[in-house]
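Listed here are the chains, written in short residue letters.
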Amino acid sequence: MRFIIRTIIIVIASHFSLLYFPWWSMAICAFFAGAIIDGKNLSTFFSGFLGLGFLWLIQSFIIHNDSAGILSNKIAALFSLSDGVYMVIITGVLAGLVGGFSTLSGFRFRKLFTRDKSRGVYR
Amino acid sequence: MNFIKFIFPFIISLALVIGLNNKWGQIPPLGKFLDPYNGFWANSENKDISFEENISFDGLNETVSIYYDSILVPHVYASNDHDLYMTQGYVTAQNRLWQMEFQTHASAGRVSEIIGKDALDFDRYQRRNGLLYGAEKAVKLMTDDPTIGPYLDAYTAGINQYIASLDYKDLPIEYKLLNYKPEDWTNLKSGLLLKYMANDLAGGDSDAENTQLLKMLGKERFDFLFPDSYDDFDPVIPKSREWDFETETVERPDSVSFPLVFPDDEATEPDPQNGSNNWTVHGSKTATGKPMLANDPHLGLNLPSIWYVMHLNSPSVNVFGSTLPGALGVIIGFNDSVSWGVTNATRDVRDWYHITFKNAEKKEYRYNGKWLKTQRVIQEFKIRGSENYVDTIYYTHHGPIVYDKTFRPGNSKTNFALRWTAHDPSNEQMTVHLLNRAKNYKDYEKALTYWDCPAQNFAYADVHGDIALWINGKFPLRWEEQGKFIMDGSRADMDWAGFIPREHNAYMKNPKQGYLSSANQIPVDATYPYYHYDRGYEHYRNRRLNQKLETLENITVEDMMRLQNDNFWLMASEILPNILDSLNRNNMNEAEKIAFDALSNWNYMADQAAIAPAYFEILWNDLYRNLWDEFYDTDKSVRKPELPVTLQILKDHPDEKFIDILNTDKKEKITDLYRMSFSSAVDSVENWKSTNEKELTWSNFKNTTIQHLARLAPFSTENIQNGGNKHILNATSGRHGPSWRMVVSLEAPIKAYGVYPGGQSGNPGSYYYDNLIKSWSNGEYYELENKSTASDLKNIIFTQTLTPKAK
């Protein structure tokens, strides 16, 4: 459940942030989402990876598809790739990596201030 | 432990963000670039038009409306000229910003700022050549002009308002790829754009090569191989023209000796194929009884296209045609009364002076028995990824010293100063402004008086029935052969004595023959009383054109279009029969027989599906190379004889010693050269067939390519299916061709048609980036309607309204 909530927060916050701020603002969103919501290393990483990865993947795929690849095919060729859909995949993976590590950092940041559960500071 | 668990992913995140926010070598900052919200994805438009519909605009007096038609030509309706030019700047930038800035950076010698040190040599040449120097002088004159100055300011302000509205998201894709930002536009940039054109069209000369050849060959042989005129020449101004003015004379000095010194390196030259066709036909020869005009300038085929088409309407003007992004008004076009078109007036307007300095300090140089002071100008070059470079340029009264020991060095004795009309202040924008508003021949004549460089053949036709053609520009008044070779910069009698009086420039109005044309050929015949020179007049397009115009009657718009797309290879028709006669089909292998038959049955049309042109092209190049091998194989930088001389030697001078190929033991005859070239052509074509999957046709073989200005292959278009070649009316060769085709019939109402190989949008992510190429290659045209009221416009797909910002 926390995984889903965290992922949704990352997607929504990043979406609105990207409308007004540079691309790296989404890393900050992911970081905070990781810091606010508790979890485990792997689950925080993947909610960042999947959240931002899918956000960029879907957004770029919509553009690729709506524009019939008019630009993505050309950019792909600049990168010596045969089809614009590879740009969609690269875009998604790249955002995923940024998202995963940022969320994980946020989570590990939170952990700096939490004691072991046995000490019972946060419950 | 917890800290390490934090710092590890945190550093990775930070490294990702910073790494992806920066450019790595050729790779753009990937995070910024791939962001679907702001990165390159945001430039994907296809058929969508992403312009803002309503804009509150600073500096406008009244509301301006812009209607975009189905090929994205903007029809601009303004209430005054200030608003009109401001909107022209805005709209042009909205479509072509990157191109506008890149071209002016090239002109100013600032390409290294964008692409790094590889461009430094190019940049240094641009500044040493004096383009920035000339632009600075020109823009001062234009800015101070009470008419043009305020319009230029308005145009600049319009562009800057567009630039100021841009976020990273809105930047043209090239800025994102190369990771830089547009800077503010200035009037100087408009000046630089005009000098960019001057350099493209009047930036070449052969003074150094001629001097080299003079030394190699001697005067008599030089004159034979590089004559000032050809036997069967057909000048721009018909030979029937008589000259009825009092000529200004300039005496040839008694003892002319050209210093036989030259820079060793090859000079930077504009493409020799830059040229154009234009012609105008009198009502006596047209189907409507009213004049017609056609123009197609031939320039390097690039995307975004050099031209941007606009319709500009205000109470003082209703003009339609092609504009140059960065310059005011319409350059080639028509209004309600007149139409005009330009071709390059092929005339040498650049001369070189050999300078002798007093000493190594270069503070003084010898002139007329005295020592004159030089002016020292330090030019700084910003280079991306490297330290700035500083160049010192010395100016003499002739002009800048382009070549010295720091640049393309020969030795310390070779210092060459350039005198060029493009260095002088001039106000070409006034010509454009007035021509756009011309109502009759008198207005046209007056407008031309402001045009200096690049000199152009201005063809003209109007609704009153007049046709005319002026060879117009600022031409030095020279004595015979002055400036053909490098001159002694210390002698005052080597300087230009002045300029040919403007009214003595060659022109013709309403000739008996009923038509006037120009195609970069020799301007006038020998009766014209002023010395004129150029190294390479065109000799084929003009004759083909005039042969057709002479015989055509009841000419229609379709006839004019057909002529612009005419593929007849006149040069081939004048030499190929001689070649074929000397070949013996019985001694040939199968592939050679196929080629021989194709060439024998050829009608000399370089049509796209034909195969003979492919054979002929290689055959001819090889023949030319073998004939002039002495010129290719020398370590000196020399030009080769022009085509008309080459043909004359092949036909009439079998004993010419250059026919022998130097590095063979045999003594070759012309027939040997023919046979060798023929076999080599067949080999080349067979080789092409085995390495290409495409069918052998002329268009596949020549592979016409329209290249992106930054040479990015995916933004370019290859293998365009079109016939033609250089020296053919349809001058479409591999990388060069008709950059705008326009036909105007001055009937009532005026009918006009145009097309160009590109599209109105500069964005490779837009459908409108290259959507006109297909029509262009098919020889099709779009109708250009300059409706004086917006409500009569058809096919409007988008409307933009600019409202004055409340003060």
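Residues numbered from 1 in each chain as written. Chains lettered and ligands numbered in written order. Predicted model: local features only at pLDDT ≥ 70, side-chain atom pairs only at ≥ 80, totals over all residues. Heavy atoms only, no water.

The next point concerns the overall build of chain A. A count of helices and strands for chain A gives five helices and zero strands. Reading the helices (α) and strands (β) of chain A from amino to carboxyl end gives α-α-α-α-α. Overall size of chain A, expressed as C-alpha extent along the three principal axes, is 60 × 25 × 25 Å. Taking the intrachain contacts of chain A between residues at least 6 apart in sequence as the baseline, contacts between residues at least 24 apart amount to 76%. Total accessible area computed for chain A in this model is approximately 6,400 Å², and 69% of it derives from carbon and sulfur atoms. Side chains of chain A carry 11 positive and 4 negative charges; the gap between the two charge centres is 16 Å. (Helix = DSSP H or I, 4+ residues; strand = E, 2+ residues; numbered from the N terminus. Contact = heavy atoms within 4.5 Å. Areas by Shrake-Rupley, 256 points an atom, 1.4 Å probe, with all protein chains shown as cover. Lys, Arg positive; Asp, Glu negative; His and termini not counted. Charge placed at Lys NZ, Arg CZ, Asp CG, Glu CD.)

Turning our eyes to something else, we now look at the overall build of chain B. Helix and strand counts for chain B come out as 23 helices and 29 strands. When its C-alpha atoms are laid out on the principal axes, chain B stretches across 85 × 70 × 65 Å. Going through the 807 residues of chain B one by one, you find that 63% of them count as buried. Sequence separation of at least 24 residues holds for 72% of the intrachain contacts in chain B that already meet a minimum separation of 6. As displayed, chain B has an accessible area near 30,500 Å², and 49% of this comes from carbon and sulfur atoms. Computed over 82 positive and 107 negative side-chain charges, the separation of the two mean positions in chain B equals 4 Å. (Buried < 20%, exposed > 50% of the residue type's maximum accessible area, 1.4 Å probe, protein only.)

Okay, the sheet that holds strand β23 (residues 704-708) of chain B next. Residue and element names in this part refer to chain B. Pairing within the open sheet is mixed, and its three strands lie in the order β6-β23-β24. What marks the edges here is a single partner per strand, and that holds for β6 (302-303) and β24 (717-720). As paired elements, β6 and β23 share two bridges and run parallel to each other. Note that in β23 the partner of Asn302 across the bridge is Gln707. (Pairing = 2+ DSSP bridges.)

Residue and element names in this part refer to chain B. The four strands are arranged β16-β17-β11-β20 in an open sheet whose pairing can be described as mixed. The open sheet has two free edges, formed respectively by β16 (401-403) and β20 (487-488), since each of these has just one partner strand. Two strands pair when backbone bridges link them, and strand β11 (residues 350-354) and strand β17 (residues 416-420) are joined in this way by five bridges, in the antiparallel orientation. Pairing of Tyr353 across the sheet is with Ala417, part of β17. Lying over the sheet, helix α5 (residues 120-128) contacts β11 and β16, oriented at roughly 145 degrees with respect to β16. (Axes fitted to C-alpha atoms, helices over the stretch in contact; angles between N-to-C directions.)

Moving on to the packing of aromatic side chains. Residues and elements named next belong to chain B. Counted according to the given criterion, the structure contains 59 aromatic pairs over all chains. Of the aromatic side chains, those joined through ring pairs into one cluster are Phe568, Trp569, Trp602, Tyr604, Phe616, Trp620, Tyr624, Trp688, Trp698 and Phe701. Over the ring of Tyr507 we find Arg241; its NZ or CZ atom is 4.7 Å from the centre of that ring. Over the aromatic face of Trp420 sits the side chain of Arg350, whose NZ or CZ is 4.6 Å from the ring centroid. (Phe/Tyr/Trp six-rings, centres within 6.5 Å; stacked < 30°, edge-to-face > 60°. Lys NZ or Arg CZ within 6 Å of the ring centre and 35° of its normal.)

Right, let's talk about unusual backbone geometry for a bit. All names here are of chain B. Following Leu303, the chain continues into Pro304 via a peptide bond in cis, with omega recorded as -10 degrees. Relative to the elements of secondary structure, Pro304 occurs in the loop between β6 and β7 (308-314). Look at the link from Cys453 to Pro454: it is a cis peptide, with omega at -5 degrees. Turning to its location among the elements, Pro454 is positioned in the loop between α13 (441-448) and β18 (456-462).

Moving on to the interface of chain A and chain B. Each partner contributes to the interface: chain A provides 42 residues, whereas chain B provides 39 residues. Between chain A and chain B lies a buried interface of about 3,300 Å² when both sides are counted; carbon and sulfur atoms form 78% of it. On the chain A side of the interface with chain B, the three residues burying the most area are Trp23(A), Leu71(A) and Arg108(A), jointly 20% of the side's total. Taken together, the connections running from chain A to chain B amount to zero salt bridges. Taken together, the links from chain A to chain B amount to 14 residue pairs in polar contact (both at pLDDT 80 or more). (Buried area = accessible area lost by both parts, 1.4 Å probe. Salt bridge = Lys/Arg side-chain N within 4 Å of Asp/Glu carboxyl O. Polar contact = N/O pair within 3.5 Å; in protein donor to acceptor, adjacent residues only side chain to side chain.)

The next point concerns the pairing of strand β12 (residues 364-367) of chain B. All names here are of chain B. Residue alternation in β12 divides its side chains into a buried set, Tyr365 and Tyr367, and an unburied set, Glu364 and Arg366. Two elements, β12 and strand β13 (residues 370-373), share four bridges in a ladder whose sense is antiparallel. Bridge pairing links Arg366 to Trp371 in β13. The antiparallel pairing of β12 with β13 creates a hairpin that spans two residues between the two strands, and Asn368 there sits at a positive phi of about 55 degrees.

This paragraph deals with the packing of helix α6 (residues 131-144) of chain B against helix α7 (residues 148-164) of chain B. Residue and element names in this part refer to chain B. It is the contact of α6 with α7, at a shortest axis distance of 5 Å, that shows an interaxial angle of 105 degrees. One finds that α6 runs roughly perpendicular with respect to α7. When α6 is examined against α7, the residues Val139, Met142 and Thr143 are found in contact with a partner set consisting of Ile148, Gly149, Leu152 and Asp153. Looking at the contact of α6 with α7, its residues break down into four nonpolar, two polar and one charged. (Parallel < 35°, antiparallel > 145°, perpendicular 65-115°, else oblique. Nonpolar A, V, L, I, M, F, W, Y, C, P; charged D, E, K, R; others polar.)

The next thing to look at is the environment of Gln707(B). All names here are of chain B. Summarising the element assignment, Gln707 is placed in strand β23. It is 6.4 Å that separates the C-alpha atoms of Gln707 and Leu301, two residues lying 406 residues apart in sequence. Those residues within four positions of Gln707 in sequence are excluded, and the remaining contacts are Leu301, Asn302, Leu303, Ser716 and Arg735. For Gln707, the side chain forms a polar contact with the side chain of Arg735, separated by 3.4 Å.

Our focus in this paragraph is the pattern of salt bridges. Going through the model one piece at a time under the given rule, you end up with 42 salt bridges over all chains. In this structure, Lys111(A) engages Asp38(A) in a salt bridge whose closest nitrogen and oxygen atoms are separated by 3.8 Å. Of the two residues, Lys111(A) sits in helix α5 (residues 84-112) while Asp38(A) sits in the loop between α2 (25-36) and α3 (41-66), which places them 73 residues apart along the sequence. The shortest N-O distance in the salt bridge between Lys285(B) and Glu553(B) comes to 3.4 Å. You can see Lys285(B) sitting in the loop between β4 (275-281) and β5 (292-300) and its partner Glu553(B) sitting in the loop between α14 (541-551) and α15 (557-564), a full 268 residues away along the chain. Linked through salt bridges whose partners overlap, the residues forming this network are Lys219(B), Asp223(B), Asp228(B), Arg252(B), Glu481(B) and Lys484(B).

A few words now on the side chain of Thr103(A). All names here are of chain A. Position of Thr103 among the secondary structure elements: in helix α5. A polar contact of 2.6 Å, which involves the side chain of Thr103, links it to the backbone oxygen of Gly99. Ignoring any residue separated from it by four or fewer positions in sequence, one finds Thr103 in contact with Arg6, Ile10, Ala30, Phe31, Gly34, Thr44, Ser47 and Gly48.

This brings us to the side chain of Asn771(B). Residue and element names in this part refer to chain B. Relative to the assigned elements, Asn771 resides in the loop between β27 (751-755) and α23 (773-777). For Asn771, a relative accessible area of 13% gives the class buried. If we ignore the near neighbours within four places in the chain, the residues touching Asn771 are Ile71, Gly758, Gly759 and Tyr782.

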